[in-house]
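One-letter residues, chain by chain:
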Amino acid sequence: MDFKQQVIDAITAALGDELTQEQITKLIETPKSNDLGDYAFPTFILAKSRHMAPVKIAAELADAIDASQFEKVVATGAYVNFFLAKTTFAKEVLATIAEQGSDYGKQDLGHGNVPIDMSSPNIAKPMSMGHLRSTVIGNSIAKILTKVGYTPIKINHLGDWGTQFGKLIVAYKKWGSEDAVKADPIKNLLEYYVRFHKEAETQPELDDEARAWFKKLEDGDAEATRLWSWFRSESLKEFKRIYDILGVEFDSFNGEAFYNDKMDKVTDELEAKGLLQESRGAEIVDLSKYDLNPALIRKSDGATLYMTRDLAAAIYRHDEYHFTQNLYVVGMEQTEHFKQLKAVLKEMGKDWSDDIHHIPFGLITANGKKLSTRKGNVILLEKVLGEAVDLAKVQIAEKHPDLKNADEVADAVGVGAVVFHDLKNERVDQFDFNLEEVVRFEGETGPYVQYTNARANSILAKTDAKADATVTLDDANAWPVLKQLGAFPDMIARAAKEYEPSVIAKYALKLAKTFNQYYAHTKVLVDDAGLPARLALVQSVSVVLTESLNLLGVKAPKEM
Ligand code: ARG
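Residues numbered from 1 in each chain as written. Predicted model: local features only at pLDDT ≥ 70, side-chain atom pairs only at ≥ 80, totals over all residues. Heavy atoms only, no water.

## A closer look at the packing of helix α6 (residues 129-147) against helix α21 (residues 531-552)
Put simply, the test is: Geometry is summarised by axes, namely lines fitted to C-alpha atoms with helices restricted to the contacting stretch, and by angles between N-to-C directions that run from 0 to 180 degrees. Only DSSP runs of H or I reaching four residues or more are called helices, and only runs of E reaching two or more are called strands; each is numbered from the N terminus. For classification purposes, an angle smaller than 35 degrees is called roughly parallel, one larger than 145 roughly antiparallel, one from 65 to 115 roughly perpendicular, and anything else oblique. Any pair of residues with heavy atoms lying within 4.5 Å of one another is described as a contacting pair. Residue polarity follows a fixed list, in which Ala, Val, Leu, Ile, Met, Phe, Trp, Tyr, Cys and Pro are nonpolar, Asp, Glu, Lys and Arg are charged, and the others, Gly among them, are polar.
At their nearest, the axes of α6 and α21 sit 6 Å apart, and the two run at 125 degrees to each other. It follows that α6 is oblique to α21 by the angle criterion. Where α6 approaches α21, its residues S140, K143, I144 and K147 are matched on the opposing element by E547, N550, L551 and L552. Along the lines of polarity and charge, the residues of the contact of α6 with α21 split into three nonpolar, two polar and three charged.

## Side note on unusual backbone geometry
Here is the rule: Classification of residues uses two cut-offs on accessible area relative to the type maximum, computed with a 1.4 Å probe and protein chains only: under 20% is buried, over 50% is exposed, and between them is partly exposed.
Located in the positive-phi region is H51, a residue other than glycine, with phi close to 50 degrees. The phi dihedral of Y499 is positive, around 50 degrees, even though this residue is not glycine. Locating Y499 in the fold gives a position in the loop between α19 (479-498) and α20 (502-521). Residue Y499 is classed as buried on the basis of its relative accessible area, which comes to 14%.

## Quick look at the sheet that holds strand β11 (residues 364-366)
Note the threshold: Any two strands between which DSSP finds at least two bridges are classified as paired.
Spatial ordering of the open sheet is given by β12-β11-β13, a layout of three strands whose pairing is mixed. The open sheet has two free edges, formed respectively by β12 (369-370) and β13 (431-433), since each of these has just one partner strand.

## Observations concerning the packing of aromatic side chains
Note the cut-off: Ring pairs are drawn from Phe, Tyr and Trp, using the six-membered ring of Trp, whenever the two centres fall within 6.5 Å, and their geometry is named by plane angle: stacked under 30 degrees, edge-to-face over 60, tilted for the rest.
Applying the stated criterion across every chain, the model contains 21 aromatic pairs. Between the aromatic rings of F3 and F89, the centroid separation amounts to 4.4 Å while the plane-to-plane angle is 50 degrees, which identifies the pairing as tilted. Of this pair, F3 sits in helix α1 (residues 3-15) while F89 sits in helix α5 (residues 86-100), and the two are 86 residues apart along the sequence. The class of F3 is buried, set by a relative accessible area of 8%.

## What about helix α4 (residues 54-64)?
Here is the rule we go by: This arc describes the spread of directions from the helix axis toward the C-beta atoms.
Among the residues of α4, P54, I57, A58, L61 and A62 are the ones counted as buried. Seen along its axis, α4 keeps its buried residues to an arc of 130 degrees; they face one direction. Facing away from the buried side of α4, by more than 90 degrees, are the exposed residues V55, K56 and D63. Check the buried side of α4 and you find it contacts α1, β1 (39-42), α3 (47-50), β2 (70-76) and β3 (79-84).

## Description of the site of the ligand
Short version of the rule: If a single non-hydrogen atom of a residue is within 4 Å of a molecule or strand, that residue counts as near it. Think of a polar contact as two N or O atoms within 3.5 Å of one another; within protein, one of them needs to be a possible hydrogen donor and the other a possible acceptor, and neighboring residues in sequence only count if both atoms come from side chains. For every accessible area listed, the method is Shrake-Rupley and the probe measures 1.4 Å; residues are considered covered only by the protein chains on display.
Residues in close proximity to the ligand include D117, S120, N122, H131, H157, Y306, D310, Y328, V330, Q334 and F338, which together make up its full environment. Between a nitrogen atom of the ligand and a main-chain N or O atom of S120, the distance comes to 2.9 Å. Measuring from a nitrogen atom of the ligand, one finds a side-chain N or O atom of D310 at 2.7 Å. Alone, the ligand offers 350 Å² of accessible surface; in the complex the protein occludes 88% of this. Residues of the shell around the ligand, tallied by class, amount to four nonpolar, five polar and two charged.

## What about the environment of G159?
Turning to its location among the elements, G159 is positioned in the loop between β5 (151-155) and α7 (164-175). In this structure the C-alpha to C-alpha distance between G159 and H322, which are 163 residues apart in sequence, comes to 24 Å. With residues up to four places along the chain from it excluded, the contact list for G159 reads P121, N122, I123, F165 and E256.

## Quick word on the pairing of strand β10 (residues 356-359)
Where we set the bar: When the strands point away from the viewer, a crossover counts as right-handed if the path from the first strand over the helix to the second runs clockwise.
In this sheet, β10 lies alongside strand β9 (residues 326-329) in parallel orientation, the contact comprising four bridges. Of the residues in β10, the one forming a bridge with Y328 is H358. Crossover β9 to β10 through helix α14 (residues 335-347) is right-handed.

## Notes on the nonpolar core
What counts, and what does not: Here, the term nonpolar core denotes a set of buried Ala, Val, Leu, Ile, Met, Phe, Trp, Tyr and Cys residues that are joined through side-chain atoms within 4.5 Å.
Core analysis: the biggest nonpolar cluster contains 152 residues, and F41, F82 and L485 have the highest contact counts within it. For this core, the leading source of residues is α21, giving 12 residues. Once residues within four sequence positions are removed from consideration, F82 is found in contact with V7, A10, I11, G37, D38, Y39, F41, I65, F70, K72 and V73.

## A short note on helix α18 (residues 446-461)
Rule in force here: Under the convention used throughout, the expected extent of a helix is 1.5 Å for every residue step, that is, one less than its residue count.
A rise of 1.5 Å per residue sets the reference length of α18, with its 16 residues, at 22 Å; its end C-alpha atoms lie 23 Å apart and thus fit the reference within 8%. α18 sits mainly inside the fold: 12 of its 16 residues count as buried. On its buried face, α18 sits against α15 (381-399), α16 (406-423), α20 and α21. N-cap assignment for α18: the residue whose side-chain oxygen lies 3.2 Å from the backbone N of Y448 is T445.

## Considerations on the sheet that holds β3
The strand order β1-β3-β2 describes an open sheet built from three strands, whose pairing is antiparallel. Strands at the two margins of the open sheet, each flanked by one partner only, are β1 and β2. Taken pair by pair, the neighbouring strands of this sheet meet at an average axis angle of 20 degrees, ignoring direction.

The following block contains the structure:
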């Protein structure tokens, strides 16, 4: 079912060896309006070799092309426009979707393990908006990559190691209480941490104590380890509550601490390869030939760093998973860090460093200001998700007061709104957070797509007639919908190649809108010869909307 290929083949046959298939494929465009057909081929490229005006070439070419498998092939200006045979197209698309169901769009673009470093919040700190973005973008990329043949491994590289744990231990021992941590772990741990920084301004000896405690932790001291592991598990409990709400699961929670006993090997290797240099007491890898700042490997007190742990993690992932690609869904502000990571690995002679890809995303601001945990300018995720669900409840109670599983649906709609809002814009776009905007249900939103899907389902539920994709759908109004349905596999391929869930989100919005326009103009449930085909169309819309939402990690309730 490759209609674009049909067009390419027809042009190739008519042009002989004037252009290669590849050139033709690149040149083919999709006209802006349906009046201009489904595919267009611009002829400008042939003007020079043929010594002819493109308009004339288009006319000649349109004549030369075998149009028998198309509705028509016409020259318009310098373009040759192809109109697909609509009823054939309709039958093929609808039959394919009916047969494949949620597998529609599955394809083989690659294979192998793909670790996806995602979410990765820091222990004892609230999960930030940035971590939410990483979670939902990573989760969606994992689903999209699965659909095209890869095996993603979702890794939560928790920030559970580093000098801050020395500070936390000191602060807890001085001002903390077990009950307080148990009652509200992240809030209280954060408070201790913030207090530490304040008091250390006037009592610098606190910093020495903290360093000593972190050293103890690195060396496996029992008390340090017990406290650290307790802070970690209490924090993780809170994070997991959010992951449950979002429906996101991980294959691994190996965070930074996991690499504590794997870093000596890295520093030894760096040393043996002559890459370590001393700079003001610290050890670095010089990266000036990459136009990058030096990578900090070891501090003057011997403590390892974020970078050291990422080097160990990359090597571990390579040895453990034999990845074909290794992805990091981390905010744009860490671009330099990942460039350095790749460069150091390259210097170490790891040719697989080219398979490492940083998948950056834009910052979320609130009222134009950067969010900061330290300054208390934070958005609490659970609160946002909770409010979205409450708003969804109100809407559902208005629109559908007798809905049976109303609470479950409200969860799906409220959470879906937040997730979809995050994914619908290109991931590198920065956006300002505004709760009202996030939980809007009309317009370009997740709930709009969900409502459209539920509407399609309710149409199907209203009749005993059966959908039949083999019946001819001869209905001009249906054409835009059919074309959208046919485009789904291409959209998945694009989303996978660009690591860009927004391609799917935008597609879902467009399909929903196109279907709603169709439904506004066409009576679907009329008992005539076309009914089974129209039902097949509605059914296909529901299948594809559901699968689009699924690829975004958003639920698609059947009723709303
Ligand atoms: N914990 C880090 C942060 O919150 C993100 C970790 C990203 N992953 C990595 N392998 N560096 O900024």
